[in-house]
Amino acid sequence: MSYLTKNYNRKKISFKYGKGSYLYSTDGKKYIDFVSGIAVNSLGHAHPKLVKTINAQAKKLWHVSNAFIIPEGERLAKKLCKKTFADYVMFQNSGAEATEAAIKVARRYFYSIGKPNKNRILCVKNSFHGRTLAAIYASGSKKMTEGFGPKVGGFDHFKFGDHNSLKKKITKNTAAIMVETIMGEGGIKVIPDWCLRGLRKLCNKKKILLILDEVQCGISRTGDFFAFEQSKVKPDIVPIAKGIGGGFPIGAVLMNKKVASGMTPGTHGSTFGGNPLAMAVGNSVMDIVSSKKFLINVKSVSKYFLSSLNKIKDEYPNIIKEIRGRGLLIGMQLYTDQTKFIKKLMENKLLTIRAAENVIRILPPLNVKRNEIDQALKIIKKVCSEEN
Ligand SMILES: Cc1ncc(COP(=O)(O)O)c(C=O)c1O
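A.B. asks: How would you explain the pattern of salt bridges if you had to name every residue and give the values?
C.D. replies: In this structure the tally under the stated criterion is 17 salt bridges. A salt bridge links D27 to K29; the shortest N-O distance between them is 3.7 Å. In this structure K29 comes out as partly exposed when scored by relative accessible area, which is 35%. The partner of K299 in a salt bridge is D224, and the shortest N-O contact between them spans 2.9 Å. Taken together, the positions of K299 in helix 11 (residues 292–315) and D224 in the loop between strand 10 (209–213) and strand 11 (237–240) put the pair 75 residues apart, joining distant regions of the chain.

A.B. asks: Talk me through the layout of surface pockets; I want residue IDs and the actual numbers.
C.D. replies: Roughly 720 Å³ of internal volume is contained in the second largest pocket. Lining the second largest pocket are 26 residues, with N66, V89, M90, F91 and H268 sitting closest to its centre. Sorting the residues of the lining of the second largest pocket by element identifies helix 3 (71–83) and strand 4 (88–92) as the ones contributing at least two each. Sort the elements by how many residues they give to the lining of the second largest pocket and strand 4 lands first, with five residues. Residues of the lining of the second largest pocket, tallied by class, amount to 13 nonpolar, 11 polar and two charged.

A.B. asks: So what's going on with the site of the ligand? Residues and values would help.
C.D. replies: The immediate surroundings of the ligand are formed by S94, G95, A96, F128, H129, G130, E180, E185, D213, V215, Q216 and K242. Within the contact set of the ligand, a nitrogen atom lies 2.8 Å away from a side-chain nitrogen or oxygen of D213. In the environment of the ligand, an oxygen atom lies 2.8 Å from a nitrogen or oxygen atom belonging to the side chain of Q216. In the complex, the protein chains occlude 82% of the 390 Å² of accessible area that the ligand would expose alone. Looking at the shell around the ligand residue by residue, the classes come out as three nonpolar, five polar and four charged.

A.B. asks: Can you tell me about the sheet that holds strand 13 (residues 320–326), naming the residues and giving the values?
C.D. replies: Strand order across the open sheet formed by four strands is 13-14-17-16, with antiparallel pairing between neighbours. For this open sheet the edge positions go to strand 13 and strand 16 (353–355), each flanked by a neighbour on one side alone. Shown here is a sheet whose adjacent strand axes are inclined to one another by a mean of 30°, direction ignored. Pairing of strand 14 (residues 329–334) with strand 17 (residues 359–362), which is carried by four bridges, proceeds in the antiparallel orientation. Directly across from Q333, in strand 17, lies its bridge partner V359.

A.B. asks: Explain the sheet that holds strand 2 (residues 22–25) residue by residue, including any values.
C.D. replies: The four strands are arranged 1-2-3-15 in an open sheet whose pairing can be described as mixed. The outermost strands of the open sheet, each flanked by one partner alone, are strand 1 (15–19) and strand 15 (350–351). Two elements, strand 2 and strand 3 (residues 30–33), share three bridges in a ladder whose sense is antiparallel. Each bridged residue has a counterpart across the sheet, and for L23 the counterpart in strand 3 is Y31. Sitting on the sheet, helix 13 (residues 370–387) is in contact with strand 2, strand 3 and strand 15, with an inclination near 100° to strand 3.

A.B. asks: Can you explain helix 8 (residues 193–206)? Please cite residues and give values.
C.D. replies: Between its first and last C-alpha, helix 8 extends 20 Å over 14 residues, near the 20 Å set by a 1.5 Å rise per residue. Looking only at helix 8, the buried set comprises D193, C195, L196, L199, R200, L202 and C203. In this fold, the buried residues of helix 8 make contact with helix 7 (163–169), strand 7 (174–180), strand 10 and strand 13. The positive-phi residue at the C-terminal boundary of helix 8 is K207, with phi of around 55°.

A.B. asks: Explain unusual backbone geometry to me, using residue names and the numbers behind them.
C.D. replies: Going from G149 to P150, the amide bond is cis rather than trans, its omega being 5°. Locating P150 in the fold gives a position in the loop between helix 6 (142–145) and strand 6 (155–158). A positive phi angle is found at I38, which is not glycine, with a value near 60°. Position of I38 among the secondary structure elements: in helix 1 (residues 36–39).

Reading the values: rules and limits
Residues numbered from 1 in each chain as written. Predicted model: local features only at pLDDT ≥ 70, side-chain atom pairs only at ≥ 80, totals over all residues. Heavy atoms only, no water. Salt bridge = Lys/Arg side-chain N within 4 Å of Asp/Glu carboxyl O. Buried < 20%, exposed > 50% of the residue type's maximum accessible area, 1.4 Å probe, protein only. Helix = DSSP H or I, 4+ residues; strand = E, 2+ residues; numbered from the N terminus. 1 Å grid on protein atoms, 1.4 Å probe; cavity = no way out; pocket = protein on both sides within 12 Å on 5 of 7 lines; lining within 4 Å. Points joined across faces, edges and corners; volume = space filled by probe spheres on them. Nonpolar A, V, L, I, M, F, W, Y, C, P; charged D, E, K, R; others polar. Near = heavy atom within 4 Å. Polar contact = N/O pair within 3.5 Å; in protein donor to acceptor, adjacent residues only side chain to side chain. Areas by Shrake-Rupley, 256 points an atom, 1.4 Å probe, with all protein chains shown as cover. Pairing = 2+ DSSP bridges. Axes fitted to C-alpha atoms, helices over the stretch in contact; angles between N-to-C directions. Contact = heavy atoms within 4.5 Å. Expected span 1.5 Å × (residues − 1).

Spelled out as structure tokens, the structure:
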């Protein structure tokens, strides 16, 4: 009997500890963890530097209030701004909070320049921005909103890739377009660079803001610090979370100077957001994952992984439909049943997770080793041959 609510469809397995890319179950088995807490454990489990950081900070100071200056947060914000398009950062605790705060920043900016009616946010239908009330209505998915009415207003939707519907949906009340640079839950669907550039142009023309949700695809997961970097586009607002904490809950909204001007004292707040313990961990993660050498390695490991997966796809063309993604945000779209395939991978000690469109998400830690990828490839190939 579990006293937890049944809102998760949990696998009948639990873990005692983790080390690097591996998880060790309570019943004594060793698994390759290519879920990474859904793109969270960017440096795997129990990374020595993060363990050291959290222990040292735990002895010093866990929490104060945002009523005071928090030097660890100042340091992390500076690093994020120096590394990216951003001029300012606002810390939260999770991805949903970060996307909601991003919406608040956009609305508040137009309010502050005397355009309070410019408050609608245009999103992709069936996207994923989190599970809070506003975020589920931003995502525009029937499955996520069913039973949670009344509807939270202020969101419009267009179909992924449908440029005409996107243009038609922009009105004089639109404040921002908010999209995931790479749709994670939606099936690892990448917005091509030329589309991102088109979005930026459109936003400039219509004088609206561009919000790129990098909660899942950001923080070096694609081999660039942000997934949009390759396109050379500069968004106005970027919510982040997941990978920046390496397993410690951290969220943040990065923004440019223009939109930050609306966020005057009292306009937003969070009790825990940016506390010293979280910020100490965030600084350590940032120092490692933002280095040039680290990013180059993510790209080279990813190139190897993606090309090997494509070879398996060519060998089993009636099992694997498509290999998608960028960096170590990988999707394997199947012809066969996704749930059964994930179960078989797990029976062979490889952990993966589902996404929409019959896609299996493969999310190794960013410091994954080649031999660990080889072990995973062997298992994937074995399951393909059994399914064939
Ligand atoms: C793109 C995106 N935005 C927002 C969220 C919500 O993050 P959280 O679960 O931390 O609230 C997620 C979570 O999967 C996500 O993938």
